[in-house]
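Spelled out, the chains give:
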Amino acid sequence: MTGRAPSLTPTPAVPLSLPLGFFAAGTAFLLWGLLLLAIHPEALQAVRHPVLLASSHLLFLGFGVGVLVGALHPLVPVVLESPLPRPALGYPTLALWGAGLPLQTLGFLQADPRWVALGGGLVLLGLLLFAGHLALAFRRASRWSPVATALAWVSFYLALTPLLGMLQALTLRYGFYDPERMAWHVLAGLVGVFLLSILGVGHKLVSMFTLSHGTDEGVLGLLLWVLNLGLLGLALGQPMGLGLLALGLVLAFYDTWRILRQRVKRALDVGVRHYLAGLAFLPLSLGALLAGEPLRAGLWFGLGFLGLVVSGMLYKIVPFLVWTQRYAPRVGLEPVPALKDMLPERAADAAGLLLGLGALLTPFWPPALWVCAAGGLLCAYALEEVLRS
Ligand code: HEM
């Protein structure tokens, strides 16, 4: 890490409406997915149940990918220390992803691979455009670091995952379908996109939000190797892949512990607390996988890890972006709200509690999905209050 004070200030070229558009649509997809699953808990009884396919894509591809892509627009210039080449390219990505996912979801619900392929095809185009844009940004980077390497891997998996999904959708329709290939698609999405992005971007964000300067990024570099090899091992059916994922988790916890130990800001705020609570779901999820319970592992990963980490980071990023663009220019000229007063912290805390509790219980007691849905609603309320502040 350089000694420079990190900041998430968007370059003037990244308009606020771009990340906020992704965050708003992503939160709407989260609510849609949670409610769908809460209304149809019987979907949890079978992998590939139409409702499970629809809600898992709303959660992962809608909420997870939406917030990730939205956050990367202002974050990539900070990591690479050079502006995005064409920030306006984010709008076609937003439109293609935002229009394609509902079509894909309806395709899953109707068990019609044509709509899955059509909607998924729009999403794929949007994500390929984004990955291409990131590739241009990487070529112009003024500074390279393990966080940048993590982002490069993430952009590769953001393109590969929908390509593998399309392969499944098209082969379902036209033949040569192989159910075994779903594992590649799921691994590329959950490990390649989410684990790598959250641990890579999380390293940067948690360091920034806790004012922890000078943590070396060597452990993160090693972690990327270990997780990629673990993913490859699992895709090739090697049980050693699980061992490498476990080693990756140990490294991730060690890295996070080092960041926290060096922090200047001693009190952990709501966003960082939820991030840490989300990380605690990773060993649970891995344990379930080792015990041969993939559905339970997926639920803890999606609802617990992803739900808590991503909502926690939104509680930090949204007030920061809104304050910087809306109020920073008015400081000294008129009264402006303090950054820390923009988020209704009690609502955000309650949202995290409900999401965490619901996620923990859902594999044993599916009605707990309503608890998750209540957490999702409170999270949406807290973020909406930030926008209204
Ligand atoms: C980052 C993006 C994505 C993630 C994380 C993701 C994740 C998943 C997950 C977890 C499943 C298993 C669901 C279950 O067990 O019920 C799945 C299945 C599937 N996904 Fe995705 N998905 C993504 C993008 C896409 C896209 C863009 C398409 C486009 C067509 C797609 C098509 C499919 C299909 C067809 C299946 C069922 C495969 C089969 O039956 O073998 N996915 N995906």
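Preceding block: the structure.
Residues numbered from 1 in each chain as written. Predicted model: local features only at pLDDT ≥ 70, side-chain atom pairs only at ≥ 80, totals over all residues. Heavy atoms only, no water.

### Some remarks on the overall build of the chain
Each helix and strand counted, the chain has 13 helices and zero strands in total. Along its sequence from the N terminus, the chain presents helices and strands in the succession α-α-α-α-α-α-α-α-α-α-α-α-α. Since a compact globule built from 389 residues should have a radius of gyration of about 21 Å, the 20 Å found for the chain is in line with a globular shape. With respect to the three principal axes, the spread of C-alpha positions in the chain is 65 × 40 × 40 Å. Here the chain, with 389 residues, has 54% of them falling under the buried criterion. For the chain, the accessible surface area stands at approximately 16,100 Å², while carbon and sulfur atoms represent 70% of it. (Helix = DSSP H or I, 4+ residues; strand = E, 2+ residues; numbered from the N terminus. Rg over C-alpha atoms; globule rule 2.2 N^0.38 Å. Buried < 20%, exposed > 50% of the residue type's maximum accessible area, 1.4 Å probe, protein only. Areas by Shrake-Rupley, 256 points an atom, 1.4 Å probe, with all protein chains shown as cover.)

### Looking at the packing of helix α5 (residues 146-174) against helix α7 (residues 218-235)
Between α5 and α7, the least distance of the axes is 9 Å, while the angle of their chain directions is 25 degrees. What the angle tells us is that α5 and α7 run roughly parallel. For the element pair α5 and α7, the recorded crossing hand is left-handed. Of the residues in α7, those in contact with Pro-146, Val-147, Thr-149, Ala-150, Trp-153 and Tyr-157 of α5 are Leu-220, Gly-221, Leu-224, Asn-228 and Leu-231. Among the residues forming the contact of α5 with α7, the class breakdown is eight nonpolar, three polar and no charged. (Axes fitted to C-alpha atoms, helices over the stretch in contact; angles between N-to-C directions. Parallel < 35°, antiparallel > 145°, perpendicular 65-115°, else oblique. Left-handed = near helix turned anticlockwise from the far one by under 90°. Contact = heavy atoms within 4.5 Å. Nonpolar A, V, L, I, M, F, W, Y, C, P; charged D, E, K, R; others polar.)

### Concerning the site of the ligand
Not every one of the 25 residues close to the ligand is listed here, only the nearest: Arg-48, His-57, Gln-168, Tyr-177 and His-185. The side chain of Tyr-177 places a nitrogen or oxygen atom 2.7 Å from an oxygen atom of the ligand. Contact distances for the ligand include 2.8 Å between a nitrogen atom and a side-chain N or O atom of His-185. Breaking the shell around the ligand down by element, the ones donating at least two residues are α2 (50-80), α3 (90-109), α4 (113-139), α5 and α6 (182-209). Considering each element in turn, the shell around the ligand owes the most residues, seven residues, to α2. (Near = heavy atom within 4 Å. Polar contact = N/O pair within 3.5 Å; in protein donor to acceptor, adjacent residues only side chain to side chain.)

### A look at the coordination of the iron atom of the ligand
For the iron atom of the ligand, every protein donor is listed as His-57 (NE2) and His-185 (NE2), and the spread of their distances is 2.0 Å. Between the six donor atoms coordinating the iron atom of the ligand, the angles at the centre fall across 88 to 179 degrees, so the site counts as octahedral. Taken together, the residues span a long stretch of sequence, with His-57 in helix α2 and His-185 in helix α6 at a distance of 128 residues. The class for His-57 is buried, based on a relative accessible area of 15%. (Donors = N, O, S within 2.8 Å, 3.2 Å for Na, K, Ca; no water. Tetrahedral: all angles 85-135°; square planar, octahedral: opposite > 155°, others 65-115°.)

### Digging into the state of the cysteines
Tallied over the full model, the rule gives zero disulfides. Left unpaired, Cys-372 is separated from the closest cysteine sulfur, that of Cys-379, by 12 Å. Given a relative accessible area of 0%, Cys-379 falls into the buried group. (Disulfide = S-S within 2.5 Å.)

### Thoughts on α6
Bending of α6 peaks at approximately 35 degrees at the position of Gly-202. The element α6 is largely enclosed, with a buried count of 24 among its 28 residues. Of the residues flanking the end of α6, it is Leu-211, one or two places downstream, whose phi is positive at about 55 degrees. (Bend = angle between axes of the 7 residues up to and from the residue.)

### A closer look at unusual backbone geometry
The backbone phi angle of Ala-111 is positive, close to 50 degrees, even though this residue is not glycine. Within the secondary structure, Ala-111 is located in the loop between α3 and α4. Classification of Ala-111 as exposed rests on a relative accessible area of 58%. The phi dihedral of Leu-211 is positive, around 55 degrees, even though this residue is not glycine. You can see Leu-211 is positioned in the loop between α6 and α7.

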